[in-house]
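Analysis of the macromolecular model
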Amino acid sequence: MNRSYIQVRGASDPPLQALDLDLPLGEIICLLGPDGGGARELALGVLYRESRRRYAQVLSAFERETLGGGPAAAVGQISGLPPALFLDGAQRHGQHLGAVLQVEGLLARLWQDQGEGRCPGCGGICRATTPEAAADAAIAHFGGESCLVLAPIEIGPGMVEELRRAGFLRLRIAGQVTRLDGEEVAPGEAGEVVLDRLAADQDHRGRLVEACRQARTLSRGLTLVAGTVGQRQIWLNQERSCLACGRLYPGAAAPDLVGGAGPGLNLVYRGWDWRELATKNLDQVLGFLDGLEHCEGLRRPLAAATALGLGSLELGRSPDHLSTGERHLLQLAWCLGLGLTGILFVLENPGRGLDPRGQEALAAGLLRLVALGNTALVLGQNPALLAVAGVSLLCEGGQVSLGGPPAAPPPARRGRRSLNRWLRVRHGAGEWRLPLGALVCLTGPTGGGKSTLWRQVLLPGLQARRGGPVAVEGRPGIQRASVLGTLPGPPDRILLDHLGAFPGVAAQYAESSAVRDQGYPKEWFMLDRPGGRCPACEGKGALFCELEFCDDVTLVCPACEGNRYRPEALLATWRGLNLAQVLALTIGAAAHHFRGVPQVGEVLQAAQGCGLGHRRLGEPARRLGPAEGLRLQLAAELRRAGGRELVVLEHPEAGGDPGDLRLLVQILDEMAQHGTSLLIETHHPYLIGAADWLIEVKAGQPPRSVANTLA
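The following paragraphs examine the structure supplied in this document. In this text, all values refer to a predicted model and were calculated from it rather than measured experimentally. (Residues numbered from 1 in each chain as written. Predicted model: local features only at pLDDT ≥ 70, side-chain atom pairs only at ≥ 80, totals over all residues. Heavy atoms only, no water.)

1. Concerning the overall build of the chain
Counting its regular elements, the chain contains 22 helices and 31 strands. Oriented by its inertia axes, the alpha-carbon framework of the chain measures out at about 110 × 70 × 65 Å. Classification of the 711 residues of the chain by burial places 52% in the buried group. About 31800 Å² of surface is accessible on the chain, with carbon and sulfur atoms providing 50% of the total. When the 71 positive and 72 negative side-chain charges of the chain are each reduced to one mean point, those points stand 6 Å apart. (Helix = DSSP H or I, 4+ residues; strand = E, 2+ residues; numbered from the N terminus. Buried < 20%, exposed > 50% of the residue type's maximum accessible area, 1.4 Å probe, protein only. Areas by Shrake-Rupley, 256 points an atom, 1.4 Å probe, with all protein chains shown as cover. Lys, Arg positive; Asp, Glu negative; His and termini not counted. Charge placed at Lys NZ, Arg CZ, Asp CG, Glu CD.)

2. A word on the pattern of salt bridges
All chains considered together, the criterion is met by 29 salt bridges. A salt bridge links Arg529 to Asp528; its shortest N-O distance comes to 2.9 Å. Of the charged contacts, one joins Arg615 and Glu628 as a salt bridge, the two residues approaching to 2.6 Å between their closest N and O atoms. Here Glu628 lies in helix α20 (residues 626-638) and Arg615 lies in the loop between α19 (601-612) and α20, a separation of 13 residues in the sequence. Under the relative-accessibility criterion, Glu628 is labelled buried at 0%. Linked through salt bridges whose partners overlap, the residues forming this network are Asp13, Arg615, Glu619, Arg623 and Glu628. (Salt bridge = Lys/Arg side-chain N within 4 Å of Asp/Glu carboxyl O.)

3. Side note on the pairing of strand β11 (residues 190-199)
For β11, a buried count of seven out of 10 residues is recorded, marking the element as mostly surrounded by other parts of the structure. Pairing between strand β8 (residues 146-154) and β11: nine bridges, direction antiparallel. Bridging from a neighbouring strand, Ile153 pairs with Gly191 of β11. Across two bridges, the pairing between strand β9 (residues 170-173) and β11 is antiparallel. Bridge pairing in β11 places Arg172 opposite Glu192. (Pairing = 2+ DSSP bridges.)

4. Overview of the sheet that holds strand β4 (residues 77-79)
As a general point, the strands of a sheet are linked pairwise by backbone hydrogen bonds and lie either parallel or antiparallel. Reading across from one edge, β2-β1-β4 is the order of the three strands in this open sheet, with antiparallel pairing throughout. Looking at the sheet topology across the chains shown, the edges are occupied by β2 (19-24) and β4. If you compare each strand with its neighbour and ignore which way they point, the axes differ by 5 degrees on average. Relative to β2, strand β1 (residues 5-11) is paired through five bridges, and the arrangement is antiparallel. Residue pairing in the sheet places Tyr5 in a bridge with Pro24 of β2. The sheet strands contacting helix α1 (residues 39-56) are β1, β2 and β4, and the helix crosses β4 at an angle near 70 degrees. (Axes fitted to C-alpha atoms, helices over the stretch in contact; angles between N-to-C directions. Contact = heavy atoms within 4.5 Å.)

5. As for the sheet that holds β11
Read across the open sheet, the six strands follow the order β10-β9-β11-β8-β12-β13; overall the sheet is antiparallel. Every interior strand has two partners, whereas the edge strands, β10 (176-179) and β13 (233-235), have only one. On average, each strand axis in the sheet is inclined to that of its neighbour by 35 degrees, with strand direction left out of account. Sheet topology note: the strand β12 (residues 224-227)/β13 ladder contains three bridges and is antiparallel. Its bridge partner being in β13, Val225 is matched across the sheet by Ile234.

6. What to know about unusual backbone geometry
In this structure, Pro15 follows Pro14 across a cis peptide bond, with omega equal to 10 degrees. One non-glycine residue with positive phi stands out, namely Arg220, at about 55 degrees. Here Arg220 lies in the loop between α7 (205-219) and β12. In this structure, Arg575 is a non-glycine residue whose phi angle is positive, near 50 degrees. Within the element layout of this structure, Arg575 appears in the loop between α16 (567-570) and α17 (579-583).

7. Here we look at the nonpolar core
Ranked by internal contacts, the top residues of the largest apolar core, which has 68 residues, are Tyr509, Phe525, Phe594, Leu604, Leu634 and Leu668. The element contributing the most residues to this core is helix α21 (residues 658-673), with eight residues. Leaving out residues up to four positions away in the same chain, Leu634 has contacts with Leu484, Leu649, Leu664, Ile667, Leu668 and Met671. Judged by nonpolar contacts, the second largest core, of 62 residues, contains Leu267, Phe288, Ala363 and Val378. (Core = buried A, V, L, I, M, F, W, Y, C linked by side-chain atoms within 4.5 Å.)

8. A few points about the environment of Asp355
Considering the arrangement of structural elements, one finds Asp355 in the loop between β17 (344-348) and α11 (356-371). We classify Asp355 as buried; its relative accessible area is 12%. In this structure, the C-alpha to C-alpha distance between Asp355 and Ile139, residues 216 residues apart in sequence, is 59 Å. The contact partners of Asp355, leaving out residues within four places of it in the chain, are Pro445, Thr446 and His683.

In structure tokens form, the structure reads like this:
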């Protein structure tokens, strides 16, 4: 059997060095290696970017701007490249599971077409009826009694004469039947044309159907059937309306599943109230759909989600309240529900935050995705995925080689820290303790409530200070809590700014003799506001050009020639370098250049110690992988390390490279030595082995807080 390949020739997105590579299609491909080794650059900077560019070629310039087109990848040639989707586990704010899985609209249509509504005015059942359904409803309602089939109208000038010519002989006005060839009827009165008088039974069903059709023709879809004795009547209209009072709900649709405003009509289908649907879990919804015809589009994504272990989650739950691993599984379920084929799916650390069972479910889901005829390119070291991958590639120093992952580092072995400061946290009916100035790991199965514990209990309790669920034993307590993860701000924000050192650097240039007389403040030299930055490119050093019939291109800004600043700003120098030259420095070189400068030299030294010495100060944050991005944040935290700080990290093992993990533990250990309290949500055995204390969380059980005997 002939295999197809993606053939890459001359990939040069740094650190890649004119890389030639053939990647098999229809496989799970694992790209391993440390952050900055080339795996992320190959997957996202070359393959995904080039796929998006090729798709954008068929769009107009306006459409490319809307979708966020981009420049060509740094590659000589790529052949065999399929359309690509990047799955990073992120969700749009405000969505819920029904929207993510794209079943909300299908469920709404099902309830709208098949469900019954309840009138908010009288509580009656609301539905639309065909003439046949109207006849059956009338028979069921009157049970063989004599009834009138009526067409409500407003009597205008000449209307009575027209009705007479059409052969209609009777009107009902104010509940009284009047003959048209007898009493005069004043124009403007409201009444009903009597279409037929008959017994509402099966023997007369044909006449009922025909009378209902005539009524709808005369009264624009309205039909009223009234008993000849008493006040009983029923509205059987073409549009959805209340059977009791006749109030119309034209085009009434189910409201948004969560928090939406409806049309004032609540829908019930097979005993399920639409308003309660958001509280049903995916397993329940899937079971409800069993046996229903024409629901495959609903069942497929729901079945995929339950097969991935998400069946216990409510349909209306926000992904914001899910763990990182659950969000990855949810996105994979969405892809499986689409049923697409011939797609290159790029996944970054999809197993992050999953326990062993979740890892196995992820591997099985990716195998199903590949079986549909797709290719999965996975960034990060994941044992469950490595076991089923067709190809594993190691990316280091811009080079790619075949082979398995590097050996995991041995568990960290050191003496236990002395624990003499504690937070005591009341949670429900129980209590748990968190030691301060220590490395603490929060463990337990996926979905057990670990994220909820620190997001909704610990951090709000610290902010409440008094009267909240958190009490402090020992001093000093926690004055500042930080949650580290995704780098904040726009992707073009440069590393110098992320480190918080830009104001200190700008202050040195504001004091330069070349510009001191101009009175420029330090803010004038920063890139996040107008002033000394180049107005043409707004300090980016490049212009992005969208061309309608050619590839989009990125050009060096002709105004500043890529230097980011106005000429007058570049007149200022400090220790022989202007600002453009400073931004071109690596962090390692900059740490030497700014040694001794308050708020600058120290943080640059910390960043160098965090393994970022090769990165440049003016480099955009988007070029950093998750492990390097986290170390950039930790470098800024090192400057503030002390006994009043709490740092929370959610699954910092992103990528899983042994070298990255070893360096991460060294950084965390240094912070703990300075008194910083560290709380890490993780399943990774290396991080758990390095912890001083463990807090185990399982659904339905109080947290279990114990010393780590491995530390």
